Amino acid sequence: KKYSDIMSTHKMTNKTNIFYLLGLNDRTTNRRLIFTFIFLCYSLIWIVNGALILVIILEEKLHEPMYIFLCNLCINSLYGTAFLYDLVTNNRTISYAGCILQVFVIYSYAETDFSILALMAYDRYLAICYPLEYHSVMTKHKVVLLVCFSRLVPWLCQTVVMIMTSLLQLCDSHIDKLYCANWSIVKLSCNSITTNNIVGYIVILFYFCHVVFIMCSYVPLLKSAVKSRDGRKKFTQTCVPHLFCLLNVTVALLFDLMYARYGSPSMSAGVKNFMALQFLLFPPILNPLIYGLKLTQVRNRLLNVWLCTERFKGP
């Protein structure tokens, strides 16, 4: 009996030492097409976000709070999608520590996105509703503190969630997804996950409040924009792309959360993979494109860089 108990414990330990990612199995069709799509998206994410980051760093006129927040949004996109390169490999296993780290990066990236978008909404509220007091309120010191705050709080929230997840005793090691997700690990628990569920919903509610805050901040912005032509111009140039980015991130993450918790097991592999990848691929690509095309200063600077490059190449 003691020997069987030891062997049972040994098997359980083995199960939690490594995870098997089953998002792409041997029966999945068009594996090469999926790998190619992920690789192209990953390359595009680095190009569009890297270009916007360099433009904001190199152009002194863009060293303003709004563009600093935008630069951090792009940096966060590169941070959150850093592991995507692993998805184009054929290795379908991941260590327990690697899986926990992957979950931490993915969800702290998503939470940081909402934090930065909330800061951008606050910045636009001050710039349009209180233009005379704007520079006295949004000092360099305050901008640095807000940027640090937007990263530390998500990391703290996700650290708590990851500690709770790591304390669970798991009965299986197979994750039916392309990558590790917190709910996918929690579902493998042998014990009750009520506490994990409650904490998870608290974190979701906390960041849903960010969305509510952003939407509420736009009520006075709209009222102020209607009063003057300059207000309407500022709103169109800076607030409209911000709203598109918010919608982009919120819808993508909402789809992923709903699929992870309530998705049908009978769903086709293609739909499952799309639902798993869309919130990691689409926001990091679309956000810099939306801002790059809409913000006049950013767009002009990008065009100048492109024209200079063409002249340098010569005929």
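Residues numbered from 1 in each chain as written. Predicted model: local features only at pLDDT ≥ 70, side-chain atom pairs only at ≥ 80, totals over all residues. Heavy atoms only, no water.

An unreviewed UniProt entry lists the protein chain under the name Olfactory receptor, from Takifugu rubripes. Entered under Subcellular location (unreviewed entry) in the UniProt record, the comment concerning the protein chain runs "Cell membrane". (UniProt positions renumbered as here; feature names shortened; annotations may be inferred.)

Sorry if this is basic, but what is going on with the overall build of the protein chain here?
Check the secondary structure of the protein chain and you find 11 helices and three strands. Nonlocal contacts in the protein chain, meaning residues at least 24 apart in sequence, comprise 79% of its contacts between residues at least 6 apart. Per element, the accessible surface of the protein chain, about 17,100 Å² overall, is 69% carbon and sulfur. (Helix = DSSP H or I, 4+ residues; strand = E, 2+ residues; numbered from the N terminus. Contact = heavy atoms within 4.5 Å. Areas by Shrake-Rupley, 256 points an atom, 1.4 Å probe, with all protein chains shown as cover.)

I'm lost on the pattern of salt bridges in this one. Help?
Opposite charge on two side chains permits pairing when their charged atoms draw close. Under the definition given, this model contains one salt bridge. Here Arg124 ties to Asp123 by a salt bridge, and the two come within 2.7 Å at their closest N and O atoms. Neither Arg124 nor Asp123 differs from the other in exposure class; each is buried. (Salt bridge = Lys/Arg side-chain N within 4 Å of Asp/Glu carboxyl O. Buried < 20%, exposed > 50% of the residue type's maximum accessible area, 1.4 Å probe, protein only.)

It is not clear to me how the pairing of strand E1 (residues 18-21) should be interpreted in this structure. Could you clarify?
Consecutive side chains along a regular strand alternate between the two faces of the sheet. Covered by surrounding structure in E1 are Phe19 and Leu21 only, the residues Ile18 and Tyr20 on the alternate face being uncovered. Examined bridge by bridge, E1 and strand E2 (residues 93-95) share three bridges and lie antiparallel to one another. Paired with Tyr20 across the bridge in E2 is Thr93. Here E1 runs beside strand E3 (residues 174-175); their pairing, made up of two bridges, is parallel. Residue Leu21 lies in a different strand from E3, and its bridge partner there is Ile175. (Pairing = 2+ DSSP bridges.)

What am I meant to see in the packing of helix H6 (residues 140-166) against helix H8 (residues 194-227) here?
Geometry of a packed helix pair, given as the angle between the helix axes and the separation of the axes. Where H6 meets H8, the axes come as close as 10 Å, and the angle between the chain directions of the two elements is 165°. Judged on the interaxial angle alone, H8 and H6 are roughly antiparallel. Note that H6 runs across H8; the crossing there is left-handed. Of the residues in H8, those touching H6 at Val153, Pro154, Cys157, Val161, Met164 and Thr165 are Thr195, Asn196, Val199, Val203, Phe206 and Tyr207. For the contact of H6 with H8, the class distribution of residues is nine nonpolar, three polar and no charged. (Axes fitted to C-alpha atoms, helices over the stretch in contact; angles between N-to-C directions. Parallel < 35°, antiparallel > 145°, perpendicular 65-115°, else oblique. Left-handed = near helix turned anticlockwise from the far one by under 90°. Nonpolar A, V, L, I, M, F, W, Y, C, P; charged D, E, K, R; others polar.)

I tried to follow the nonpolar core on my own but got confused; where do I start?
One recurring pattern in soluble globular proteins: nonpolar side chains tend to sit buried together. With 87 residues, the main nonpolar core has Phe19, Phe69, Tyr179 and Phe279 as its most contacted residues. When near neighbours in sequence (up to four residues on either side) are disregarded, Phe69 contacts Ile116, Leu119, Met120, Asp123, Met138, Val143, Leu146 and Val147. (Core = buried A, V, L, I, M, F, W, Y, C linked by side-chain atoms within 4.5 Å.)

Please clarify how the state of the cysteines should be interpreted in this entry.
Linking two cysteines covalently through their sulfur atoms gives a disulfide. Tallied over the entire structure, the rule returns two disulfides. Across the disulfide from Cys99 sits Cys180; the S-S distance is 1.9 Å. Judged by the torsion about the S-S bond (-120°), the Cys99/Cys180 disulfide is left-handed. Here Cys180 lies in the loop between E3 and helix H7 (182-186) and Cys99 lies in helix H4 (residues 96-129), a separation of 81 residues in the sequence. For Cys180, a relative accessible area of 0% translates into the label buried. Paired by a disulfide, Cys171 and Cys190 hold their sulfur atoms 1.6 Å apart. A residue pair is termed long-range when its members are at least 10 positions apart, and Cys171 in the loop between H6 and E3 and Cys190 in the loop between H7 and H8 qualify at 19 residues. (Disulfide = S-S within 2.5 Å.)

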